[in-house]
Amino acid sequence: MITLTINGQQHDVDAEPDTPLLYVLREDLQMNGAKFGCGLGQCGACTVMLDGKAVFSCVIPISLLPGREIKTIEGLGTAAVPGVVQQAFIDEQAAQCGYCIAGMVMRAQALLEHNPSPTEEQIRDEMTPNLCRCGTHMRILRAVRRAAQTMKRVAL
Amino acid sequence: MAHRGAWVLGAGGVVVAGAVAAFAAIAWRPQIEPISPPASNSFSPEVVKNGAVLAAVGDCAVCHTAAHGRPFAGGRPLPTPFGIIYATNITPDVDTGIGAWSEQAFRRAMRQGIDRTGRHLYPVLPYPHFTRATDEDIAGMYAFLMTRAPLRAEAPPNTVPFPLNVRATIAGWNLLFLRPGVWRADPSQTAEWNRGSYLVDAVGHCGACHTPHNALEAEKDTKPFAGGEAEGWDAPALQAASPAVAPWTVEALTAYLRTGFSTEHGAAAGPMAAVTQELAAVPESDVRAIAIYFASMMPHPPPMAQAQPAIVTDNPTFAGACEGCHGPDAPMTRGGAQSLALSSAVNARSSRDAIQMILHGLAWREGHAGPYMPGFASVLSDPQMIDVVRYLRSHFSSGAPWTDIESQLRAARRDGGA
Amino acid sequence: MNARPQPPELSRRQLLAAGGALIVSFSLTGRSEADETGATPSPAKEAALPGSLAKTPVLDAWIRVDGDGRVTAFTGKAELGQGMRTAVIQLAAEQLAVAPESIELVTADTALTPDEGFTAGSHSMQDSGTAVFNAAGQVRWLLMQAAATRFALPVDQLTARDGFVHAPDGRSFGYGALSAGLSLHVSAEPATGLGDPKSYRIIGKSLPRVDIPAKLTGGAAYVQDMRLPGMLHARVVRQPSPGARLRSVDAGAIERLPGVVKVVRDGDYLVVVAEREWQAVKAWRALSAAAEWSENAELPEQASLHATLQALPARDIEVLTWTATAGAAVKRLQARFTKPYLMHGSIGPSCALAQFSDDGVTVWTHTQGVYPQRGALAELLRLPPEKVRCIHVQGSGCYGHNGADDVAADAALIARAMPGRPIRVQWMREQENTAEPFGPAMVTEVSAALDVEGNIVDWEYGVWSNTHNMRPTKGGMFLQNAALPEPLPVPPPEPIPMPEGGGDRNSNPLYAFPNAHVVYHFVPTMPLRISAMRSLGAYHNIFTIESFMDELAEAAGADPVPFRLRHMKDARARDVIEAAADRFGWSKLPLAERGRGRGFAFARYKNLGAYCAIALDLTVEHETGRVQIGRVVAAVDSGQPINPDGIRNQIEGAIVQSASWTLYEQVSFDRRHITSADWSGYPILRFPAAPLSVDVHVLDRPGQPFLGTGEAGQGPTAAAIANALRQATGVRLRNLPLSRERVKAAVGV
């Protein structure tokens, strides 16, 4: 039994210690946000936040995680009450097939939490680990900028 | 008594003053008159082309380009034990670059480490190596740089503390460690070997990283290529003390230097990655010459049997985090990379490079196919790092267990491996 | 085009009486006559029902209304992430006068929806959208007619709104009440056009995509998210190269691993099944390591791929011949262009679920064609088709024929070995990269002549390519067929005939040249496994034509935009060309400085789909050859826009995707294996290289037929980049990808 703290809640998980977090999220906890894209830390479809940093859940065995704070897209908001970044993505219609999007949102969330006023260059750099094949990049960048604006307004 | 003390003080003062004056006399250099930047078409294309090759071997762009900066426009911070020194703008911009430098001024900088105005340059510019380049090659590098796009950019001020920020002190360093004189061929060696030797010594300055340095940061010429360090990474020995488990043949070295990857040794990482990226644009014959030179110094263990890597079942961190790429039949392995048992970093004397590799991974190069690895700095706590590093060593290497893991990890985290 | 008149009033009796005559019958013709969606042409063209109604004319195949007034719409097309679901809902909602949220759309299910072949070739709006639009309109008319009868009022006094039919005196009947006495199992009427666009309240509006909120909040949206009770996880150990034979494997050791339920070996087909997914992955790693193969595949030499392709036996297909008198040729140009194999590169590797029961097998799949897949799977499994049900569940973007069909076959085969348990198969990244069928390599050679006034007087064009369509319609076309004992015969590859085309798609220029000759050298031998990839041959043919038009413009001393207009008679084409050029500020720009260039390109997808013109500028970093795309402006004409933002999204995506294809991409292989096994071996565009800005202008064409848009941007983007590079570097690059190495070599020192 391994205890994981996910979106502020504790979960006791009965999975082998070398199981990557991605599989535990999806199979044991039925959470759909983080996705399998490569299992190699190359595409970011599995991105979640760990102690405030964006990480690849596909290469993090759960044995590493007791005592750490894990945040997933499910912890940012719901369809009824989306979080700021989620709402920005909806407003910009920043998705085509949508498979990469949950990872993008988590990467953006981590960026904005530690750098609330990123420059264009910083946004592009920070989002580099995440791939989009449909070519939704322009909208994703607009969504991140929009979320930054909203966060600034809320903070004021 | 007071008179005698005063006289001693006075005499001492005169001696000191004399020494200072003598020193100043040695240290002082005249300005070389500024010129108008020569027109690009005043240089022969052949000379410029030769200069481009030499600039690539010499890694000019690597130091003189900032992250997200324009090529050769400087601004990149170079950490040294004496503080941070920012690389200067070497584009032919008149105000902020070398646009007003004549070829004579450039040659003086390359051979003596003196800029156009007579100021000493820090030997982080490897002029102790460039001093051995031929006039023709220095002219080539000059032609190359003067035909780049002039870009306006000023480097930030260095953070070197007093008294080292008094540049005249470098004159003393030069007295001790700068050995002028053009490189000379070794008649007992082949032309290719000599070409490699020249490129390494006079241009590529490989010893700047791969040769141990003394306390004053000068290369120990009694121990050429016995191993050194750069920017937090160990630069392994390139001679008998090489930690490589598989032989470094000419073919393996040539491929590694041109692609940044060797199937039997691992990937170029840390500062070496940029070196191999530059060498990709250098004619293969020149890279092969460098490989011939170093291969002649490397030990020649018998060729390795192709060991089939085994699946890891007894370390959860490795099984969950590493095996997707480093296990058998993984994309890395399909790409020809064999087991981590052959990795130079895993077999090195120190755990330093393995730790750096795990913390930082290898960055994407936009649009380039090539080795990549995610970094685990945010993922692994220190105890978890130590555990997996110990495991790597014990499982994949027959070398003695590392004793420096904690200290290397502390240093690596401090230097930006958070 | 003017709006057609409203449908004439028909009494129900008349409709039923005429029903037989309205059902258009078909006979199945050979596959070779099918277009990319698998649809065969209607023999009774003059009485044609619009879109897919022609094949499925019964209204309740498309629209149903239940007793509570809830509307269900059906489409045989699949949501691939192109926004089809939202657009079809808009079409139905508009015609039925109900809120879009109240419509449930059922997509691509062999048990429930019409057979619309493959979701491919950008046909969804033209075929399915049109069918749903018309069927919904007719259903509304029938509902109003039923209300008219109950109100005892003429139907033209009634209005339909929000699921009710209203009489002027305030009475109303809900659709639910009206549906009770109404059968929608009637045949559709002939086409009535798209109605009066001025009355549209939902069509032409950028309704937010209905599927996006769930995807942003962890909702289940993909086949990868499905969890069925008792589900098992399987992984396949693929043959490492075509024709590899499995010499030995110690399955016993693997079966003893934790959670492993079974190792299945059938000929050279090797599978492990486990309780939990991670257990399946670990068992797969162990099984892969334990399997010993003998391999004898021989792939071509990558460096000489195109010479190899042109030397293979080919069947020449005449695409077009134009002859007319023209001015004397004073200048002749010729050029050769090449394209490598490209990978679809779906972010989510392919996945499928299947379950066998006494009634047959159900497969949950992100295939582009549930009906063709059903037929092919039935053959593979030796089952009658009625015993196979294929249900489309969205996967990640497929961009054509990726691993979706093969993984469905994996799931079905494994489910057959373990009846009663749902089986989930997830391909690994390296499997998707190495086993998916690639976009074919191509070569084009073009030569043309100018007269003294700088007009093109003749045009000679040849394209070499494999087929662009090996989507499984027969059991022998699945990947694992060759691994199984007693493999099914593999049908020979066939070209898709024009006007749609395959390798010759868009090889027929839309320009008007007095003399032209276009030949498709169809190469049946396939050195690597290939199939359809977004836009098929259009990407390379448009890259060629639009690059070469610029070369001719340059030789004629002409600005490339007016040069194109001079040769273009199609009015809508001229409109998008002018719109893109104007919005970009084309003619006003000063000449580019060193390292900067601007480029222009145009095409009409298939000469049948959407029109798209693109203008862009870019900068080349001299020292490295790195290309940064700056400002991109596109103009697109898709006919009556259903969802303008959806169109913009597709074109923006096409531009960025094509920039990646054009600047970076090629499948790598040695003499035996595909070596671009993961993203490090097949890099695609990441955020730093995205254009600085993309602005898409959607031309409004009220009432015009819907035109397929999903594949309209890729070809023009490639040529616009090449044309801009010519200006920026002074060098014309003709071999894709226009990689950093090639650009650097072009700019020199």
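Treat the numbers as computed from the prediction; the structure is a model and nothing was measured.

**Student:** So, the overall build of chain A: which residues are in play, and what are the values?
**Tutor:** Each helix and strand counted, chain A has five helices and five strands in total. In sequence order, chain A lays out its α and β elements as β-β-α-β-β-β-α-α-α-α. Here chain A has a C-alpha radius of gyration of 15 Å; the compact-globule value for 156 residues is 15 Å, and the two agree. Overall, the C-alpha framework of chain A stretches about 45 × 35 × 30 Å when taken along its three principal axes. Of all 156 residues assigned to chain A, the portion counted as buried reaches 63%.

**Student:** Before we move on, could you go through the overall build of chain B and cite the residues and values that matter?
**Tutor:** Of regular secondary structure, chain B possesses 18 helices and six strands. Judged by the C-alpha coordinates and their principal axes, chain B covers about 80 × 70 × 45 Å. Counting the 418 residues in chain B, one finds 45% classified as buried. Within chain B, residue pairs in contact and separated by at least 24 positions form 63% of the contacts whose partners lie at least 6 positions apart.

**Student:** Talk me through helix H5 (residues 137-155) of chain A; I want residue IDs and the actual numbers.
**Tutor:** Every α-helix winds through 3.6 residues per turn, so residues three or four apart in the chain are directed the same way. Here H5 of chain A contains 19 residues, and its C-alpha end-to-end distance of 27 Å stays within 8% of the 27 Å for a straight helix at 1.5 Å per residue. Turning to H5 of chain A, the residues buried within the fold contact helix H2 (84-91), helix H3 (101-114) and helix H4 (120-127) of chain A together with helix H15 (644-664) and strand S24 (693-698) of chain C.

**Student:** Go over the interface of chain A and chain B with me, naming the residues and quoting the values.
**Tutor:** In this assembly, 19 residues from chain A lie in contact with 16 residues from chain B. With three residues, the single largest contributor to the side of chain A that touches chain B is strand S4 (residues 53-56) of chain A. Looking at the side of chain A that touches chain B, its residues break down into 10 nonpolar, six polar and three charged.

**Student:** Describe in detail the interface of chain A and chain C, supporting the description with residues and values.
**Tutor:** Residue-level contacts link 49 residues of chain A with 49 residues of chain C. Broken down by secondary-structure element, the contributors of at least two residues to the side of chain A that touches chain C are helix H1 (21-28), H2, H3, H4 and H5 of chain A. For the side of chain A that touches chain C, the residue count by class is 25 nonpolar, 17 polar and seven charged.

**Student:** Can you break down the domain arrangement of chain B residue by residue, with the values?
**Tutor:** The domain architecture assigned to chain B consists of domain 1 (40-177), domain 2 (185-304) and domain 3 (305-418). Computed from C-alpha coordinates alone, the two centres of domain 1 of chain B and domain 3 of chain B are separated by 36 Å.

**Student:** Can you break down the sheet that holds strand S2 (residues 71-75) of chain C residue by residue, with the values?
**Tutor:** Backbone-to-backbone hydrogen bonds pair the strands of a sheet. The strands run either parallel or antiparallel. All names here are of chain C. Overall, mixed pairing links the three strands, which are arranged S1-S2-S3 in an open sheet. Edge positions in the sheet fall to strand S1 (63-65) and strand S3 (103-107), since each has one partner strand and no second. The mean angle between the axes of side-by-side strands here comes to 20°, regardless of whether they run parallel or antiparallel. Sheet topology note: the S2/S3 ladder contains five bridges and is parallel. Of the residues in S3, the one forming a bridge with Thr 75 is Thr 107.

**Student:** Outline helix H13 (residues 316-326) of chain B, supporting the account with residue identities and numerical values.
**Tutor:** Of all 11 residues in H13 of chain B, 10 are buried, a share of seventy percent or more. For H13 of chain B, the set of buried residues is Thr 317, Phe 318, Ala 319, Gly 320, Ala 321, Cys 322, Glu 323, Gly 324, Cys 325 and His 326 of chain B.

**Student:** Describe the pairing of S24 of chain C, listing the residues and the values that go with them.
**Tutor:** Residues and elements named next belong to chain C. Pairing between strand S23 (residues 626-637) and S24: six bridges, direction parallel. Bridging from a neighbouring strand, Ala 634 pairs with Val 696 of S24. With H15 bridging S23 and its parallel neighbour S24, the resulting β-α-β unit is right-handed.

**Student:** Give me the lowdown on unusual backbone geometry, citing residues and values where you can.
**Tutor:** Residues and elements named next belong to chain C. Pro 499 follows Met 498 through a cis peptide bond whose omega is 20°. Relative to the helices and strands, Pro 499 is located in the loop between strand S19 (456-465) and strand S20 (515-522). Although it is not a glycine, Leu 536 adopts a positive phi angle of roughly 50°. When you line up the elements, Leu 536 lands in the loop between S20 and helix H12 (538-555).

**Student:** Lay out the nonpolar core with the relevant residues and their values.
**Tutor:** Counting residues in hydrophobic clusters, the biggest one holds 394 residues, and the most contacted among them are Ala 92, Val 272, Ala 411, Ala 580, Ala 634 and Val 636 of chain C. Dropping the residues within four chain positions of it, Ala 411 of chain C is found in contact with Ala 352, Leu 353, Ala 354, Val 363, Ile 423 and Val 425 of chain C.

**Student:** Lay out the domain arrangement of chain A in plain terms, naming residues and giving numbers.
**Tutor:** All names here are of chain A. Split by domain assignment, chain A resolves into domain 1 (2-75) and domain 2 (84-155). Averaged C-alpha coordinates put domain 1 and domain 2 at centres separated by 21 Å. Contributions of two or more residues to the side of domain 1 that touches domain 2 are made by strand S3 (47-50) and S4. Class assignment for the residues of the side of domain 1 that touches domain 2 results in eight nonpolar, four polar and two charged.

**Student:** Which residues make up the packing of helix H2 (residues 84-96) of chain C against helix H3 (residues 124-151) of chain C, and what are the values?
**Tutor:** Residues and elements named next belong to chain C. It is the contact of H2 with H3, at a shortest axis distance of 8 Å, that shows an interaxial angle of 25°. Of the possible angle classes, the one that applies to H2 and H3 is roughly parallel. In the crossing of H2 with H3, the sense of the turn from one axis to the other is right-handed. Taking contact as the criterion, the partners of Met 84, Ala 87, Val 88, Leu 91, Ala 92, Gln 95 and Leu 96 in H2 are, on H3, Ser 124, Met 125, Ser 128, Gly 129, Val 132, Phe 133, Ala 136, Gly 137, Val 139 and Arg 140. Of the residues in the contact of H2 with H3, the class split is 11 nonpolar, five polar and one charged.

**Student:** Lay out the sheet that holds S23 of chain C in plain terms, naming residues and giving numbers.
**Tutor:** All names here are of chain C. With mixed pairing, four strands are arranged side by side in an open sheet as S21-S22-S23-S24. The strands lining the two open edges of the sheet, one partner per strand, are strand S21 (596-604) and S24. The sheet shows a mean angle of 15° between the axes of neighbouring strands, direction not considered. The sheet contacts of helix H14 (residues 571-584) involve S21, strand S22 (611-621), S23 and S24, and relative to S23 the element is tilted by about 135°.

**Student:** Please set out the confidence of the model for chain B residue by residue, giving values where relevant.
**Tutor:** When pLDDT is averaged across chain B, the result is 92; 94% of the residues are at 70 or more. Scoring the predicted complex yields pTM 0.93 and, for the interface, ipTM 0.98.

Calculation rules
Residues numbered from 1 in each chain as written. Chains lettered and ligands numbered in written order. Predicted model: local features only at pLDDT ≥ 70, side-chain atom pairs only at ≥ 80, totals over all residues. Helix = DSSP H or I, 4+ residues; strand = E, 2+ residues; numbered from the N terminus. Rg over C-alpha atoms; globule rule 2.2 N^0.38 Å. Buried ≥ 20, exposed ≤ 12 C-beta atoms within 10 Å, placed from the backbone. Contact = placed C-beta atoms within 7 Å. Expected span 1.5 Å × (residues − 1). Nonpolar A, V, L, I, M, F, W, Y, C, P; charged D, E, K, R; others polar. Domains from an automatic or database assignment. Pairing = 2+ DSSP bridges. Axes fitted to C-alpha atoms, helices over the stretch in contact; angles between N-to-C directions. Right-handed = clockwise from strand over helix to strand, strands pointing away. Core = buried A, V, L, I, M, F, W, Y, C linked by C-beta atoms within 7 Å. Parallel < 35°, antiparallel > 145°, perpendicular 65-115°, else oblique. Left-handed = near helix turned anticlockwise from the far one by under 90°. pLDDT = per-residue confidence, 0-100.

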